[in-house]
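# Structural features, examined
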Amino acid sequence: MNMPHEAVLIFAGLGVALLVASAVGYALHRRSGGTAVDNLNARIRAWWVMIAISGGVLLAGNGAIVALFGLLSFLAFREFVTQTPVRRADHMALFVSFFLALPVQYLLIGVQWYGLFAIFIPVYAFLTIPILSAVFADAQKFLQRTAETQWGLMICVYCLSHVPALLTLQIPGYQGRGALLVVFLMLVVQASDVLQYIWGKLLGKHKIAPLVSPSKTVEGFVGGVLSATLLGAALWQITPFSPIGAGAMALLITLVGFLGGLVMSAIKRDRGIKDWGQLLEGHGGMLDRLDSVCFSAPIFFHVTRYFFAL
Amino acid sequence: MIAWLLSFGLRLLTGAHGRWSGCAPVDSQRIYCVNHTSHLDFLLLWTALPARLRRVTRPVAAADYWNAGPVRRYLIQEVFRGVLVDRSGLAPQPLEPVFTSLAQGDSLIFFPEGTRGPGEGLLPLKSGIFHVAQDWPEVELVPVWIDNSYRVMPKGMFFPVPLLCSMTFGAPLRLLEGEEKETFLLRLRNAMLELQPPQ
């Protein structure tokens, strides 16, 4: 039990928000129903599960946080690779990516070895993957195949691992509270996604990127980013930042997260799929929920490290 | 126990899920006619079946492959309770073990291609399934398509990588009165191919 009392308050707040959401979902279901409302209620149910798991992991301590994100990386990377046209010669490269690169990356965070954590995948895994695919002597679409494996590993493992890596930062006056920084990042990114969805459903008229992501609207984007920035500023007490600093960080996180979501939508669109998987009822796959986190986590990590950490 | 562990592990690895689009997982005696691309195929199929059906559903496997070596022999006989078929062409009645098993009331997992294919599409079906359908006309033949398992563990590789797999179960079919071998095999083959998810 090393959960800071701020975290308890935040989870109590999330519980209240979910109760309200469930009540609204139930009222909508009673009034009209329809597939959009069913999807909304499925999303809310999945949120209950995700929030419960997050709370449990936070209670269990920093090791559990690292392990959870290792598992999330595994699930996301699996969804990603399923959509790439890998061939038989890539088998060894994939095996090494899943069962060596991924666990080692999270192990390096667990032992707080920043120097190797920061370069392990961009240098060692990056070079090993094409070597393994070449050793198995299949030249067809070689660059495409290896690039897709490398890309998946970078996004789903390397980028995502920057969330638990926040725990390793040594910030003066913020010792032992690294878990709260994880909560801040995840809460702002996910709130931004949810708020963009809500603003978009309520006011959305003008599509912001019709060719890449037809469900995103200008109104949803502006409303979501602004309200998530305000939320981030309001949470400044759990961060090492000032209120304005926390708001600026939240703005940065949500903007990068939005653009990340756009990138991942472009891939889905090209592959002709709507969702990455069916793991989370109503949301699609794990990667659908984490796409914006994958992009904002490394930026948030490095900006925080540069300006605030030792 | 080992079989349960293996299929549980496989489920973790592949997130395997079954889509019963043409029939429900019910108790009638069946032969699941499955496309074959990986050693994992019958384990995958098992993970899609409810436990009570798993107990009465046995894989039909090649004797020459599974009897080579003590580990394989142990796995197929004790763990998977396989029905071993002689593929050499020398046995006078190669399908005899299949008939015995059907007479006991077992359901079967049958790979009508007779061997593992390259991954895309289907090899031409061997005539074995036709002879079984002829002798056991009352048993339902359920076409099944396993998607992606050849990428999890392709032919010639001995360790799996995690990729999402799915299985689609189609509508059961039977041998029609007076249906020719070629017509029947083609009909079954098309029924299996139709279950492929759209690319």
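Presented here is an overview of the structure given in this document. Quantities reported herein were computed from a predicted structural model and do not represent experimental measurements.

## Digging into the overall build of chain A
Along its length, chain A carries 12 helices and zero strands. Along the chain direction, N to C, the helices and strands of chain A fall in the order α-α-α-α-α-α-α-α-α-α-α-α. In summary, chain A has a C-alpha radius of gyration of 20 Å against a globular reference of 19 Å for 310 residues, a match within 12%. With the principal axes as the frame, chain A shows a C-alpha extent of 60 × 50 × 30 Å. Across the 310 residues that make up chain A, the buried fraction comes to 43%. Contacts in chain A between residues at least 24 apart in sequence constitute 69% of all its contacts with a sequence separation of at least 6.

## A closer look at the overall build of chain B
The number of helices and strands found in chain B is nine helices and seven strands. In terms of overall size, chain B behaves like a compact globule, its C-alpha atoms giving a radius of gyration of 16 Å where 199 residues would be expected to give roughly 16 Å. A buried classification covers 40% of the 199 residues belonging to chain B.

## Details of the sheet that holds strand β3 (residues 57-62) of chain B
Two pairing modes exist for strands in a sheet, parallel and antiparallel, and in both the strands are linked by backbone hydrogen bonds. Residue and element names in this part refer to chain B. Within the open sheet, the seven strands sit side by side as β1-β7-β6-β2-β5-β3-β4. Their pairing is mixed. The open sheet has two edge strands with one neighbour each: β1 (17-20) and β4 (83-85). Across this sheet, the average inter-strand angle for adjacent strands is 25°, counted without regard to direction. Relative to strand β5 (residues 107-110), β3 runs parallel, the two sharing three bridges. Paired with R58 across the two strands is L108, which belongs to β5.

## A closer look at the interface of chain B and chain A
On the chain A side, the residues contacting the nine residues of chain B number 11 residues. Tallied by class, the residues present in the side of chain B that touches chain A amount to seven nonpolar, one polar and one charged.

About the cut-offs
Residues numbered from 1 in each chain as written. Chains lettered and ligands numbered in written order. Predicted model: local features only at pLDDT ≥ 70, side-chain atom pairs only at ≥ 80, totals over all residues. Helix = DSSP H or I, 4+ residues; strand = E, 2+ residues; numbered from the N terminus. Rg over C-alpha atoms; globule rule 2.2 N^0.38 Å. Buried ≥ 20, exposed ≤ 12 C-beta atoms within 10 Å, placed from the backbone. Contact = placed C-beta atoms within 7 Å. Pairing = 2+ DSSP bridges. Axes fitted to C-alpha atoms, helices over the stretch in contact; angles between N-to-C directions. Nonpolar A, V, L, I, M, F, W, Y, C, P; charged D, E, K, R; others polar.

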